[in-house]
Amino acid sequence: MRSALQITVKDFKLRIRDRSAIVLGVIAPVALAFILNMVFGSAFDTSGGLDLGYGLVDEDGSEVSQAFAETLEQLEDEGLLTVTVFENREAAERETDDGDLDSYFVLEQGLGQAVLSGSAATIRVIGDVDAPTSTQIAASIAERFVSGVEATRLAILTTLEVGGATPTDEMIAALQQEARSAAIAYRVAETAASTRQLDPTTYFSAGMGVFFLFFTVQFGVSGLLEEERDGTLARLLAAPIRGESVIAGKAILSFLLGVLSMAILAGATTLLIGAEWGNPLGVAVLIAAGVLSGVGIMALVAAVAKTPEGAGNLGSVIAVILGMLGGTFFQIGQGGDLLSQLSLITPHAWFLRGLGDLAGGASWTAVLPAAGAMMLFAVVTGVIGWFMLRRRLAR
Amino acid sequence: MGNILEASGLTRTFDQLIAVDDVSFEIAEGETFGLLGPNGAGKTTSISMIAGLLEPDSGRVTVEGVEISTGSTKGKASIGLVPQELAIYPDLTAVENLVFFGRLYGMNREELARRVDEVLDVIGLTDRRDDLTKEFSGGMKRRLNIGIGLLHRPRMLILDEPTVGVDPQSRNAILESVEQLSSEGMAVLYTTHYMEEAERLCDRVAIIDEGAIQAEGTRRELVALVGETDRISIAAEGDLDAASSAAGSMSGVREAVTGDHTIEVLAADASSILPELLGRVSGAGVNIHGVEVIEPNLEAVFLHLTGKALRD
Ligand SMILES: Nc1ncnc2c1ncn2[C@@H]1O[C@H](COP(=O)(O)OP(=O)(O)O)[C@@H](O)[C@H]1O
Ligand SMILES: [Mg+2]
C-alpha cells in the first residue's frame, strides 16, 4: 500500500506538470457547462431568467384568433413571456430583425374560418435566427393551441352530427375556452415536469462534469500502459514491490483526479453560473460512486488495449458513447421509451438521475439507488480489469 | 568467494520462437560477467528472467541464495537493474527520479539523501540535479539510468547494453564507473554487442546467439577454445632468418617466419614469452626497431563459433 501511494504521488506530480489533466478535468467541463448553459440553458429556465419576447399580428380578427391572443396574455400574466401586438407583419418583422423580439406569430386571415369549417388551420411563427430555442417554444405554443382547437372542434362536430343542430354561440365559446386551456395546461405541465428534474444550469454542469470525468480518470489507469511503453514499468517491477501495488497506485490516482475535478467543477459552477447540486453529502456519495465506475471502466479499457494510444482511443470512444447515451448533452426523459431505458446502461444517466433525486432539497439518502447502480458498474468492470492487468504484469 | 548469482537452465519461448534456450551461468562476488551477442540473441530476455520481470518456462534463478520469481518481492532488493530502454521520468528532475525509486526500495530519508548525493557525484550530474531530465542529453540520461540502478547499493548490478547510443566521452565514463563498482565487490552482469566492452570489462564472457550460450570463459579461454593464437610482429634489421629460426626453436612459440623487415611469431600466450623471445632475437644479431603484439579478439571467436559477424 505504501508503494502504491508513492506511485500515486509520483504520477500526480507528473500529471500536474504536463497540465493535460487540469485541462481535461477542470477547465474543459467548466467552460463547456458555461457555454451549453448560455446556448440552451436559459431557454428552459422557468425561474424568469430569460424574457421570451413575442410579437402578435392578428390579420384574422375572429373569435379563434382572439382566443389565441388571450392565451398569450394569460401566459404573460404568469410572467412566462411578454407579448407585443402589432398592426401588421412589417412592424413585427422590423422589431424581430432588430433583435427586440425573439419571434412573432401571424394569425392569417381565414384562420377562424378554417378552424370552424374543419380545414387545415395554420398559425405562422416567424423567428429570429439568433434565438432558435425561443422560436421553438413559440412554435410549440402555437401547435398546442391548434391541436387543442382541433380536438375540441372534432368533439363539437360530433355533437353536431349527432344532434343535427347548427353551432350556437355557446358552442363557439366552449371551443375558445377549450383551446385556451389546452395551451395553458401544456405550459403548466412543462413547468411541473421541470421542477421535478434538475434545473438546466445544474444539469449541464453535472452532465459535462461526468462526461469529462471519464477522460480524466483515464490519466490514471492508462498511465500503466505508458510506463510499459516507456520502459519504466520494468524498473518498477524490478523493485521489491508487488505488481498489484503498481496497478493500485494508478487506480488511486484515477480516483483522486476524478474526485478532484468533479469537486472543483461543482464548486466552480455553483459560484460562477449558479448551479444547485444539492445536499453536499449526497453529491459526495454520487461523485465517489461515479468516479469509481469511471475507474473500473477505464481499468478494463487499459487491460484490453495493447498500447496507451489504443487505450486512449478506445477509452474516448466509450466515454463519448456512454456520455451521449447517458444524456450528458441533452436531457433524456425518464419514461419507458427506448432511449431512456437504454440510458440506464450508463453510469452517466445514473449520476444525473441521482442528482435529480437530490434536487428540491431531498436528503442525501435519496441518491443511494443511483449510487448503488454506479457501484455495480464499478465493481463488475473494476474486478475484471484488475485481474486482467495483474496477469499482464506477471508475464 | 561465493556466488552471488546462479542461473540454471533458463528457457523462455514467445509463441513459436525460442528466445532463450537453456541458459546457465554463475557470477561471483566482485566478478564482472559479460553476455556478448548480437541484437535478438536473447540477452534482454535472459536478464528479464534473472531480474524477476519475466517468468521462465523452465529454469531457476537465485541471488544470494534467494529464489527470484515474478510473483514475489524476495531477493529483488539485492539486484540493481539498468534496463536497456531508458527507464526515467522525463518530467521529473534527476533528484526526483532517484528519490522515487529509492523509496520503492524502502530506503529511509537520511540514507536516501546521502546516497542521492553520492550517486549524482559518481554519474557526474551533481550540477544538473534539479533539472528536468527531459532537458538532458542522451549521455546524461544514460548515466542517470545507471545511477538509479546503483542507488540502493545492490549486491548485483545488471546492465543491459548501457552504452548504446552514447557519445564516446560518456561511454568511457560509464565503463570506468562499472570497473570501479566491480572493484568494490559488486557482482556485475553486463550485456553488450560491443566486443571491445566485453574484453575491457569482463572477467568472464558468455557468447550468446539465437538464445543459447555458445561458449563461456575468460577471454583467453575462449580464444584458446577456437585455436586462435597471439601474433607478435617484430620490426628489425639484420640477419632476420637466423633470428626467426632462433625464435622458432623456443618453447611456447608455435611458428616463426621472416617477413618484409619483420619477424612474425605465433604463440599461445604472447605476454609470457615476450621477454625471452626478444632476448633471443637480439642475441641472434639483429637490431629491433619495434614490437607489436596482436591478440585475437572475441570478434574472431564469435565469427568462428557462429559463422557470422557480431555486427552487421
Ligand atoms: N515480448 C516478446 N514477445 C515476442 N517476442 C519477443 C519478446 N521479447 C523478445 N522477443 C524475441 O526474442 C528474441 C530475443 O530478444 P531479446 O532478448 O530482446 O534480444 P537481445 O536483448 O539480445 O537483443 C528476439 O527474436 C525477440 O524478437
Ligand atoms: Mg536487448
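Residues numbered from 1 in each chain as written. Chains lettered and ligands numbered in written order. Predicted model: local features only at pLDDT ≥ 70, side-chain atom pairs only at ≥ 80, totals over all residues. Heavy atoms only, no water.

**A word on the sheet that holds strand E5 (residues 66-67) of chain B**
Residue and element names in this part refer to chain B. The sheet built from 4 strands is open, its strands ordered E2-E1-E4-E5 with antiparallel pairing. Whereas interior strands pair on both sides, the edge strands pair on one side only; in this sheet they are strand E2 (17-28) and E5. Relative to E5, strand E4 (residues 58-63) runs antiparallel, the two sharing 2 bridges. Counted as the bridge partner of Val63 is Val66 from E5. (Pairing = 2+ DSSP bridges. Helix = DSSP H or I, 4+ residues; strand = E, 2+ residues; numbered from the N terminus.)

**Things to note about the environment of Val26(A)**
All names here are of chain A. By the secondary structure assignment, Val26 is in helix H2 (residues 20-44). Spatially, the C-alpha atoms of Val26 and Gly296 are 21 Å apart, while their sequence positions differ by 270 residues. What Val26 contacts, discounting residues up to four positions off in sequence, is Ala21, Ser261 and Ile264. (Contact = heavy atoms within 4.5 Å.)

**Here's the deal with the site of ligand 1**
All names here are of chain B. The full set of residues close to ligand 1 is Phe14, Leu17, Ala19, Pro38, Asn39, Gly40, Ala41, Gly42, Lys43, Thr44 and Thr45. Residue Gly40 places a main-chain N or O atom 2.7 Å away from an oxygen atom belonging to ligand 1. Within the side chain of Thr44, a nitrogen or oxygen atom sits 2.7 Å from an oxygen atom of ligand 1. Calculation on ligand 1 without its partners gives an accessible area of 560 Å², and the protein chains cover 61% of this total. Going through the elements one at a time, E2 and helix H1 (43-50) are the ones with two or more residues in the shell around ligand 1. In terms of residue count, H1 provides more of the shell around ligand 1 than any other element does, 3 residues in total. Along the lines of polarity and charge, the residues of the shell around ligand 1 split into 5 nonpolar, 5 polar and 1 charged. (Near = heavy atom within 4 Å. Polar contact = N/O pair within 3.5 Å; in protein donor to acceptor, adjacent residues only side chain to side chain. Areas by Shrake-Rupley, 256 points an atom, 1.4 Å probe, with all protein chains shown as cover. Nonpolar A, V, L, I, M, F, W, Y, C, P; charged D, E, K, R; others polar.)

**Overview of helix H3 (residues 109-122) of chain B**
Residues and elements named next belong to chain B. Relative to the 20 Å expected for 14 residues at 1.5 Å per residue, H3 spans 20 Å between its end C-alpha atoms, a close match to the ideal helical length. Of all the residues in H3, the buried ones are Leu112, Arg115, Val116, Val119 and Leu120. Buried positions in H3, seen along its axis, are confined to an arc of 135° and lie on one side of it. Those residues of H3 that are exposed and aimed more than 90 degrees away from the buried face are Glu110 and Asp121. Against the buried residues of H3 lie helix H2 (94-104) and helix H4 (138-150). If you check the start of H3, you find a side-chain oxygen 3.3 Å away from the backbone N of Glu110, and it comes from Asn108. (Expected span 1.5 Å × (residues − 1). Buried < 20%, exposed > 50% of the residue type's maximum accessible area, 1.4 Å probe, protein only. Arc of directions from axis to C-beta.)

**Let's talk about the interface of chain B and chain A**
Counting from both sides, the interface comprises 31 residues of chain B and, opposite them, 25 residues of chain A. Counting the surface chain B buries against chain A, the share from its top three residues, Leu53(B), Tyr89(B) and Leu104(B), is 27%. At the surface where chain B touches chain A, the tally comes to 2 salt bridges. A salt bridge links Glu96(B) to Lys13(A), with the shortest nitrogen-to-oxygen separation between them at 3.8 Å. Summed over the shared surface of chain B and chain A, the number is 8 residue pairs in polar contact (both at pLDDT 80 or more). Elements represented by at least two residues in the side of chain B that touches chain A include exactly strand E6 (79-82), H2 and H4 of chain B. Examining the composition of the side of chain B that touches chain A, we find that 5 residues originate from one element, H2(B), more than from any other. Split into classes, the residues belonging to the side of chain B that touches chain A amount to 18 nonpolar, 6 polar and 7 charged. (Buried area = accessible area lost by both parts, 1.4 Å probe. Salt bridge = Lys/Arg side-chain N within 4 Å of Asp/Glu carboxyl O.)

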